[in-house]
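An overview of the molecular structure
Each chain, letter by letter, is given below.
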Amino acid sequence: MDLGLSTDPNTPILEVEDLNISFYTRSGEIPAVMDFSMTVMPGETMGLVGESGCGKSTVSLGIMQYLGNNGQIKSGSIKFMGRDMSSFSREELRDIRGSKISMVYQEPMASLNPAMKIGRQLNEVLTLHEGLSEEEAAKRSASMLDAVRLPDPDRIMGAYPHQLSGGQQQRVVISMALLSKPQLLLLDEPTTALDVTVEAGIVELIQDLAREFGTSMIFVSHNLGLILETCDRITVMYSGEAVEEGDINTVFDNMRHPYTKGLLRSIPVPGADKYAKPLVAIPGQLPLPHERPVGCNFGPRCQHYEEEACNKGLVPMTEVGHRHWSRCARIDEIDWDADVAAGVVDEPIEVGDVVVSVKGLKKHYAVSSGMFGGGDTRTVKANENLSFNAREAETVAIVGESGCGKSTFAKVLMGLETATEGEVTLGNLDIAHLPVEKRDAKTVSSVQMVFQNPFDTLNPSMTIGAQIVRVLEQFEIGDSDADRENKMLELLDLVKLPREFARRMPRQLSGGQKQRIGIARAFAGRPKLVVADEPVSALDVSVQAAVTKLLTDIQRESRTTMLFISHDLGVVRYLSDRIVVMYLGRIMEQGKTEDIFAPPYHPYTEALLSAVPVADTHVKKRHVVLEGELPSPLTPLPGCPFQTRCQYAIPGKCDSQLPPAREMGEGHVIACHLEAETLKEMEPVIVVEDNVAAG
Amino acid sequence: MKPETISTIEVIITSVIRFWPVWAALAVSLTSGYFIRERLGTFGRLYGSPVGLAGLAIVLFWVFTALFADVIAVLGPLEQSFTGGMKKAPIGTIDSESGILFLWGADNLARDIFSRVVYGSRIVLIIAPAATLIAYMVGSTLGLPAGYYTGWIDTAMSFLANLVLAFPVILLFYLLVTPEVRIPTMYNFGLFEVPWSIPIGMAALFFLFPIIFLCLMWWTKYEKAPQKLMIRGGTTLVIGLWLYVGLVFQSPIAPLSLDPNELNVFAAVVLGSSPGVFRIVRGLTMDIKTRDYVAAAQTRGERPWYIMLWEILPNARGPLIVDFCLRIGYTTILLGTLGFFGLGLQPESPDWGSMINHGRSFVRLTSTIHLALFPALALMTLVLGLNLLADGLREESLKD
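Overview of the structure. Quantities reported herein were computed from a predicted structural model and do not represent experimental measurements.

Turning to the sheet that holds strand β21 (residues 578–583) of chain A, a few remarks are in order. Residue and element names in this part refer to chain A. Strand order in the open sheet formed by eight strands is β18-β19-β20-β15-β21-β22-β25-β24, and the pairing between neighbours is mixed. With one partner strand each, in any of the chains shown, β18 (447–450) and β24 (661–663) form the two edges of the open sheet. Averaged over all pairs of adjacent strands, the angle between strand axes in this sheet comes to 20 degrees, irrespective of strand direction. Sheet topology places β18 next to strand β19 (residues 529–533); four bridges connect them, and they run parallel. Paired with V447 across the two strands is L529, which belongs to β19. Seen against the sheet, helix α20 (residues 603–611) touches β21 and β22 (586–592) and runs at an angle of roughly 105 degrees to β21.

Now the structure itself:
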C-alpha cells in the first residue's frame, strides 16, 4: 500500500501543530490537551514529561489516532512523515499502527494476550503486516528476541506470557513493537511497573536500540531522571499544555519556565540535603481540568506570578533559543540563574538512644505445593537473620527491590505476622512474637505505619474526622468525645490541613491531602516508631517534596524513630540517616547514608546505585547493569543469595558458603566474600561534578 | 341479562385515571429527586441513564401502588359480587346492581381483579424486600468471616452454601409445606407453649441473624464507650427479641406476627437466596481486605468483626445494592412460583402468584384469559423494573 509517506531525512517523522484534544463526559467538555506542538526528527528521542493528568498520555494516544469513544481531536494537525494523520483512511491507519508506529504500554501483562504463546503473538505482527510465511516470521521473531537480549529465544517463543517475569514480558513487548521496523516508537511509562535494576536494563536496551535501528521515539514518563538518561529532547507538560520544549541538556541546565525549575528543585538529587539544602516544594496542587485559571495555568502556584502579565489571556509558546520554546509571559523579567530561594535551613536532629533493636529476626512461610495441603512443603525465607538498631529521632531506610522481604519485616513490626525466630525489642518489650491483638493500646499506638497508596489508605465511606477520632478512641486518648474531637482538629492543624476537612469524605481530597491524613493517623498516639512504606512514591512529583517535608518536620518535633521503606535511593539518600540494603530476605549492607553511597560497596548496592536514574546533568554515573532476574524465593540457593547476578561472584565460594557480615568501620557492615581491599578499591558509582556543591 | 361493558379504550383511560395518586407521587418524587440528585450518590446519577431511570420509575410505580392501595382499589381484595353473571365477567364490566365498574374483569368468584392486583402489590412488596433483607443479613454475617479469615472456616461454609445451592429448590419447598413437616407440634413449658416444626426451626435460626448482625455492629463500634453500647445494644436486643418471639413463635405479647404460611414462605425464600448472598459477600470481602485501610485498621488493633462490619462491608455497598435489586426480583418470581404451585400463602390471598395459579385453568378460553393476565403483567413489570434499575445502577457505578 502506498501511503504517500516522505522518507526525506529533513522531514520530521512527527510534526504536531496546535493540537487540541477534548474529552466529552457527564460534566461537559473537558479539554485534555491544549495548543500542543512538537516536532520529532528522524532518529530523535523525545521525552514527554509531566505529572498525572497533564495530558501526556492523551498526546500519545492522539498520535495513534486512538482516543476512544468520548475523546476527539478538536483542532490542529498531526503530520506523520509529512502526511496529515487525519487524511488516513481506516484501513491505512490499521496498516500503519504496529508497522510504522508502534506503542509500548506500562503494563506488559496487559499488552500480551495471556492465552497465546509468545511465538504466535510475535509472528502475527509479521504475517499480518508484511505477509511473511510462518517460518520466515518465526526466524525474524527469534532474532528480534535475541536483539532485546532475551536468553534462549526458542524457549521464550514457546512460553505463555505468565511464564515470564515482568522484565522479560516488557522486553517481549518491545521486541514486538520493533519487529516490523517502525519509524516511530511510542513508549508510555514502559518501566514504571518494574523494579529499578530491571528498569535499568530496559533503559539501556532502549538506548542501544535507538542507536542500532535509528528509530525515532517518544518516551512518556513522569520520571525526569529517566527522561534525562534516555532522550535527546524533552517536552515538559503541565495541566494540558506544553510549557517548555528543548534539547535535554538545555532544559535541565537553562530552563526558561518556572514549572520546570520548580519540578527540578522538588526532586531529591545527590546534591540535596534535608538539613543544609532542603527540597523546595511547589505550593498548591494541580488544577482540575474544568477549574483551570485564566491565563497561565501554572500562575496560581508560581512564585513569579504577576497580575496583568500572567492572568490575561492565553500565554503563547515563545522561542527562547535554538529549538527551545517556553510558555512563560515573564521570561525576560525572571532571573533564571538566581539560586533557589532556599527553604528554612534546619539544624540536624540529634539522635538519641536505641529505641528499636532487631536481633536475628527470621520469618519463614511454609508453602505446600501439593493438593489438599499434602505434597512436599517448602519454606520461603522472607526474612533471614535481620539485625540492626534504630535510635530515637533517627531515620533508618530499608532499601530493596520487590521480594526482598521489606514488607514482611514491616508486618512483623506491626504485629500482623509473628516472627519465626529472633527478637525485636521496643523499649523493654519483645514485640516480634506479640501479634497486634495481644498488644495493649499503648504498644499499638507506639508502633504505627504510613501506607504507600494514598488512594487506598483511607476508608472511603467514613468522614476524615470520624476516622481520626476512631484512631484516638482505639488508642485510648482523650477522656470524652469533645476532648477527642479537639485532639482530632489539632491533628489536622499538625498536618497543615484546614479544620473543615474533618467533615469531608476521602474522595473530596487530593492524593497529597489523603497522605497527610495518613500521617496524622500514624502520629495520633505519639508513636515511638513509625514505619513509612514508600509514603510519597505514588504522589505527584510537585507534591512529594511537601509531604516529605511535613513528615520530617513532625518527626523532628516528636523525636520519633522512622523506618523508611523504599526502593528509591534518591529519596532515601535525602531523608535517611542510616540505610539497610536488603536482597532476598537478607541484609547485604548497612551503614550511615554517606558510607552506603561511597565505596566500599556491596556489589548489589553498587548495581542499585547505578540503576537509579538521576535528574541532574552534573551527575555522572558508572554503568553497572545487572544480568538476569531475581531468583525464585521458593528455591533458596546455598551460599550468597546474590550470586546469580553478581559480576564478582567467586565460583566455589559464593555458591556454597554464606558470606560473613564484615564490619568496615563505624557500623558499616557488608556481607560479601570479596576481600576488604577489593571492596575498598571500587570506584564511586555516582560522581557529582565540581561546579555543583556536593551534598 | 347481559351485563353492560365499556370499550377497550375506555378501560385503558380509566386504568390510567384510577392510578392518579401514583402518578402524582411519581411526579413529585422524581422531580424533587432531580433537584437534589447531586446529594443522592449513585441513585442521583440514574438521571443520566434512561434505562435505569425507567427501571426506577416502574419500581416506584408499584411501591406507590402498594402505599395508596386503599385509595386506588375500588373493592376489598376478598369482596365478592353476588350479582348474577359477574363470575368471570370480562374486562370493563359494570356490576348492574351496585353500579361498580369491574375494570379488569372479575375472577371465578366474582372478585374485582383490579382491586386484587392492587392489594397484591402490598403483599409482594412487603415479603420480597423483607425476605431479601433477611437473606442479606444471613449471607453477610456468614460471608464476611469466610472471606476475611479464608482457610478452613471458608472451606466449611462454602461447602454448606454449595450444598444448599445444589439442592433442587422446588423440591425443598414441597418438603417444607408437606403437612407432616409443616404443622407445628406444641411443646408445653409450663408457663407458655412453644410451637415447633422444621420451618419454624429454620425461621428461628434465620430471624436470629438480624439481631446478631446489629448487636455485632454496635459492640464493635462502641466497645470502648459502654454507655452508648448499652443504649444501642439494649434497644436492639429488646425490640429485636420482642419482634422475634412474635414473628417466629406467634407469641401474643409481640406487636407483629406472621401466619404459618407466611413463615413458611420466609423460611423457604431466605434459605434459597442466602447462599447466593454469601458467595457475593465472600468474594467482595476477599477483594477489599487487601486494601491499605484494612491494614491500617489491623495495625491500630481493631477487632476482626469491626474491620468486617465497618471497614469492609460499607465499601462493598456498590455491588451489593445492585445485587439486592436483582435479588428482590428473583424473590418476587420465587414468591410467584410458590404461589403458583399453591405452596405459598393462603389460597384466597391476592398475591400475584396465587392469582396466576387461580387463573391458570381459565387461560384456555380467550374470554377468561384476564384472570391470569393482569397479575402476570404486574409480576413481569415489577421484575423488569427491578432488573432495569439494577442494570442502570451497575452501569452508573462502573462509570468513572
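Residue and element names in this part refer to chain B. With four bridges connecting them, strand β3 (residues 185–188) and strand β4 (residues 193–196) associate as antiparallel partners. Following the sheet pairing, M186 is matched in β4 by P195. The loop that links β3 with its antiparallel partner β4 comprises four residues; one of these, G190, has a positive phi angle of about 80 degrees.

Quick look at the environment of A:L228 now. All names here are of chain A. Mapped onto the fold, L228 is located in helix α9 (residues 224–230). For L228 and P613, which are 385 residues apart along the polypeptide, the C-alpha to C-alpha distance reads 8.1 Å. In contact with L228, other than residues within four places in its own chain, are I248, F252, P613, A615 and T617.

Another point: the packing of helix α16 (residues 511–522) of chain A against helix α17 (residues 541–558) of chain A. Residue and element names in this part refer to chain A. Axis separation between α16 and α17 bottoms out at 10 Å; the angle between their running directions is 15 degrees. One finds that α16 runs roughly parallel with respect to α17. Pair α16 / α17 crosses with right-handed handedness. Residues G511, G512, Q515, R516 and I519 of α16 lie in contact with α17, whose contacting residues are V543, A546, V547, L550, L551 and I554.

It is worth spelling out the interface of chain A and chain B at this point. Contact with chain A, which involves 22 residues of that partner, is made by 15 residues of chain B. Taken together, the elements giving at least two residues each to the side of chain A that touches chain B come down to α13 (441–446), β18 and α14 (464–474) of chain A. No other element matches the three residues that α14(A) contributes to the side of chain A that touches chain B. Considered class by class, the residues forming the side of chain A that touches chain B number 10 nonpolar, six polar and six charged.

Residues and elements named next belong to chain A. As summarised here, the arrangement of the four strands in space is β2-β1-β4-β5, forming an open sheet in which the pairing is antiparallel. Both outer strands of the open sheet, β2 (28–40) and β5 (83–84), are each paired with one neighbouring strand and no more. Note that strand β1 (residues 14–25) and β2 share nine bridges and pair antiparallel. When the sheet's bridge partners are listed, F23 is paired in β2 with I30. Contacts from helix α1 (residues 56–63) reach β1, β2 and β4 (71–80), with the element oriented near 70 degrees to β2.

This brings us to the environment of B:I253. Within the secondary structure, B:I253 sits in the loop between α12 (226–249) and α13 (260–288). Each C-alpha atom of the pair B:I253 and B:G92 lies 46 Å from the other, and the pair is 161 residues apart in sequence.

Cut-off values and rules
- Sequence order as written defines residue numbering, which begins from 1 separately in each chain.
- Numbering of ligands from 1 and lettering of chains from A proceed in the order in which they are written.
- In keeping with the model being predicted, local features are shown solely for residues with a pLDDT of at least 70 and side-chain atom pairs are shown and tallied solely at 80 or more, while totals for entire chains, interfaces and linings include all residues.
- Whether two strands pair comes down to DSSP finding at least two bridges between them.
- The numbering of helices and of strands both runs from the N terminus, where a helix is a DSSP run of H or I of at least 4 residues and a strand a run of E of at least 2.
- Convention adopted: a line fitted to C-alpha atoms gives each axis, helices being fitted over their contacting stretch, and angles between N-to-C directions are expressed from 0 to 180 degrees.
- Here contacts are defined at the residue level, using C-beta atoms placed from the backbone and a cut-off of 7 Å between them.
- The scheme is simple: roughly parallel for angles under 35 degrees, roughly antiparallel for over 145, roughly perpendicular for 65 to 115, oblique for anything else.
- By definition, turning the near helix anticlockwise from the far helix through less than a right angle yields a left-handed crossing, and turning it clockwise yields a right-handed one.
- In this classification, Asp, Glu, Lys and Arg are treated as charged, Ala, Val, Leu, Ile, Met, Phe, Trp, Tyr, Cys and Pro as nonpolar, and every other residue, Gly included, as polar.

Note that all results are geometric; they support no functional claim without further evidence.
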